[in-house]
Amino acid sequence: MKVLRFDDLGSTQDRAVEIARDAGDDAWTTVVADRQSKGRGRKGDAWHSPPGVNLYFSMIARPPDAFEDAPVVNHAAALAVARALSEHGLACAIKWPNDVLVGDRKICGILSRAGGDDKGGRYIVCGVGLNVNVKDFPPELSGRATSMLMETGRAFDREAVLESVLEALRERLELLFERGFASQVDDYLSIMAHVGESYVDAEGEALGEIEGIDRRGRLLVRRGAGSELVAVGRM
Ligand code: BTN
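Throughout this description, residue numbers start from 1 for each chain and increase along the sequence as written. It should be noted that, the model being predicted, local features are given only for residues of pLDDT at least 70 and side-chain atom pairs only at 80 or more, the latter also being counted only at that level, while totals for whole chains, interfaces and linings use all residues. Side-chain metrics in this entry use all non-hydrogen atoms of the structure; hydrogen atoms and water are not considered.

Participant: How would you sum up the nonpolar core? Please name residues and give values.
Facilitator: Only buried residues count toward a nonpolar core. Its members are Ala, Val, Leu, Ile, Met, Phe, Trp, Tyr and Cys residues joined through side-chain atoms within 4.5 Å. Exposure classes here rest on a 1.4 Å probe applied to the protein chains alone. A residue is buried below 20% of its type maximum, exposed above 50%, and partly exposed in between. Leu 130 and Leu 173 are the most contacted members of the largest nonpolar core, which totals 54 residues. The biggest single contributor to this core is helix H2 (residues 72-87), with 11 residues. The contact criterion used throughout is that any non-hydrogen atoms of two residues lie within 4.5 Å. The contacts of Leu 130, once residues within four sequence positions are left out, are Asn 54, Leu 55, Val 81, Leu 85, Ile 107, Cys 108, Met 148, Val 161 and Val 165. By size, the runner-up hydrophobic cluster in this structure holds 10 residues, among which are Ala 16, Ile 19, Ala 20 and Val 125. What counts as a helix is a DSSP run of H or I of at least four residues, what counts as a strand is a run of E of at least two, and both are numbered from the N terminus.

Participant: So what's going on with a negative patch on the surface? Which residues, and what values?
Facilitator: Patch membership needs two things, relative accessible area over 30% and no salt bridge, and members are linked within 9 Å if like-charged or within 5 Å if nonpolar (Val, Leu, Ile, Met, Phe, Trp, Tyr). Using the Shrake-Rupley algorithm and a 1.4 Å probe, accessible areas are obtained, with residue cover drawn only from the displayed protein chains. Salt bridge, as used here: a side-chain nitrogen of Lys or Arg that lies within 4 Å of a carboxyl oxygen of Asp or Glu. Residues counted as positive are Lys and Arg, residues counted as negative are Asp and Glu, and His and the chain ends are not counted. Charged side chains are reduced to one point each, which is NZ for Lys, CZ for Arg, CG for Asp and CD for Glu. A cluster of acidic residues, Glu 87, Glu 163, Glu 167 and Glu 171, forms a negative patch at the surface. Looking at which element gives the most residues to the negative patch, the answer is helix H4 (residues 158-179), with 3 residues.

Participant: An account of the sheet that holds strand E2 (residues 30-36) is requested, with residue identities and associated values reported.
Facilitator: Two strands pair under a simple rule: DSSP has to find at least two bridges between them. In spatial order, the strands read E1-E2-E3-E7-E6-E5-E4; together these 7 strands make up an open sheet with mixed pairing. Whereas interior strands pair on both sides, the edge strands pair on one side only; in this sheet they are strand E1 (3-9) and strand E4 (93-95). Each strand of the sheet is rotated relative to its neighbour by a mean of 20 degrees, with strand direction disregarded. Axes, fitted as lines to C-alpha atoms, cover a helix only where it is in contact. Angles between the N-to-C directions of the axes lie from 0 to 180 degrees. Here helix H1 (residues 12-21) sits on the sheet in contact with E1, E2, strand E3 (55-61), strand E6 (105-116) and strand E7 (122-130), set at roughly 160 degrees to E7. Sitting on the sheet, H2 touches E4, strand E5 (99-102), E6 and E7, and the angle it makes with E6 is about 140 degrees.

Participant: Describe the site of the ligand, listing the residues and the values that go with them.
Facilitator: Whether a residue is near a molecule or strand is decided by its heavy atoms; if any one of them lies within 4 Å of it, the residue is near. If you check the shell around the ligand, you find 19 residues, and the closest are Ser 11, Gln 36, Arg 40, Arg 42 and Lys 106. Within the side chain of Ser 11, an N or O atom sits 2.8 Å from an oxygen atom of the ligand. We call two N or O atoms a polar contact when they sit within 3.5 Å, provided that within protein one can donate a hydrogen and the other can accept it, with sequence-adjacent residues counted only if both atoms are side-chain atoms. Between the ligand and Thr 12, the relevant distance is 3.1 Å, taken from a nitrogen atom to a side-chain nitrogen or oxygen of the residue. Bound to the protein, the ligand loses 98% of the 420 Å² it would expose on its own. The set of elements that each furnish at least two residues to the shell around the ligand consists of H1, E3, E6 and E7.

Participant: Can you lay out unusual backbone geometry for me, pointing to particular residues and giving the numbers?
Facilitator: With an omega dihedral of 5 degrees, the bond running from Trp 96 to Pro 97 counts as a cis peptide bond. Structurally, Pro 97 is set in the loop between E4 and E5. Located in the positive-phi region is Trp 28, a residue other than glycine, with phi close to 60 degrees. As for its placement among the helices and strands, Trp 28 is situated in the loop between H1 and E2. Unusually for a residue other than glycine, Lys 43 sits at a positive phi of about 55 degrees. By secondary structure assignment, the location of Lys 43 is in the loop between E2 and E3. Among the residues examined, Lys 43 registers a relative accessible area of 74% and is labelled exposed.

Participant: Which residues make up H2, and what are the values?
Facilitator: Taking 1.5 Å of rise per residue, 16 residues should cover 22 Å, and H2 covers 23 Å from first to last C-alpha, within 8% of that figure. Within H2, 13 of the 16 residues are buried, which leaves it mostly tucked inside the rest of the structure. At the C-terminal side of H2, Gly 89 shows a positive phi close to 90 degrees. Helix span is expected to be 1.5 Å times the residue number reduced by one.

Participant: Tell me what's going on with the sheet that holds strand E9 (residues 206-213), and back it up with residues and numbers.
Facilitator: Within the open sheet, the 4 strands sit side by side as E8-E9-E10-E11. Their pairing is antiparallel. Whereas interior strands pair on both sides, the edge strands pair on one side only; in this sheet they are strand E8 (198-200) and strand E11 (229-232). For this sheet the average axis-to-axis angle between neighbouring strands, irrespective of direction, equals 50 degrees. Taken together, the 3 bridges between E8 and E9 define a ladder with antiparallel strand orientation. The residue bridging Tyr 199 from the neighbouring strand is Gly 208, located in E9.

Participant: Would you mind going over the pattern of salt bridges in detail, with residue names and values included?
Facilitator: Scanning the model with the defined rule gives 14 salt bridges in all. Between Asp 25 and Arg 62 there is a salt bridge, and its shortest N-O distance comes to 2.7 Å. Here the residue Asp 25 occupies a position in the loop between H1 and E2, and Arg 62 occupies one in the loop between E3 and H2, the gap between them amounting to 37 residues. For Arg 222, the salt bridge identified is with Glu 211, shortest N-O distance 2.9 Å.

Dropping the structure here:
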């Protein structure tokens, strides 16, 4: 696995996409930055990326031709992060689709982008922002975000955390490309947050009770007692 390190990037995601588009990657090439000036989250939000404390990286995956389900890469990545953090003593849950939580606070965000390269190949860039040693957050995030240090009261060796997360991520994605997401559903359900609670959509409407996810990673919501399950959206 080639790891390209930068002190300062706009976004590891943008750099990794450039490399993937040019087909300039080796197997599992990963771009890591100490700081991002334009770190991006889902829904166009900024990703808080101060220097010297956290992990920001984007791994380039090359899915096989038969693989058609790019969004579940995020689910598999969330499982990989949760597994790696458990090795460091933190019990995590996953809020569908792919927020990694400790308690009800977010410790890690994941963003993936699929595309085609100049040589006709396909890529998926999987971006991960993991709060490791950050001690506080800007007001808009405080109360909703956490870090490994804030949860345990001790600082972590970022290199050791990076190594374990990259290894877990590569393993999970290899498994995903070989066997599909159905083989990871049970693992996902075992740490899925908010099961049995009400699902409220982006418009604020309560759609029913969260039941789990299906084989394609879609959220299953139960509408009323005994009525059918409704698969909700993708990302
Ligand atoms: C989310 O909103 O939950 C997703 C956050 C993803 C942040 C990571 S940090 C590394 C990579 N580079 C980016 O600009 N974003 C992702």
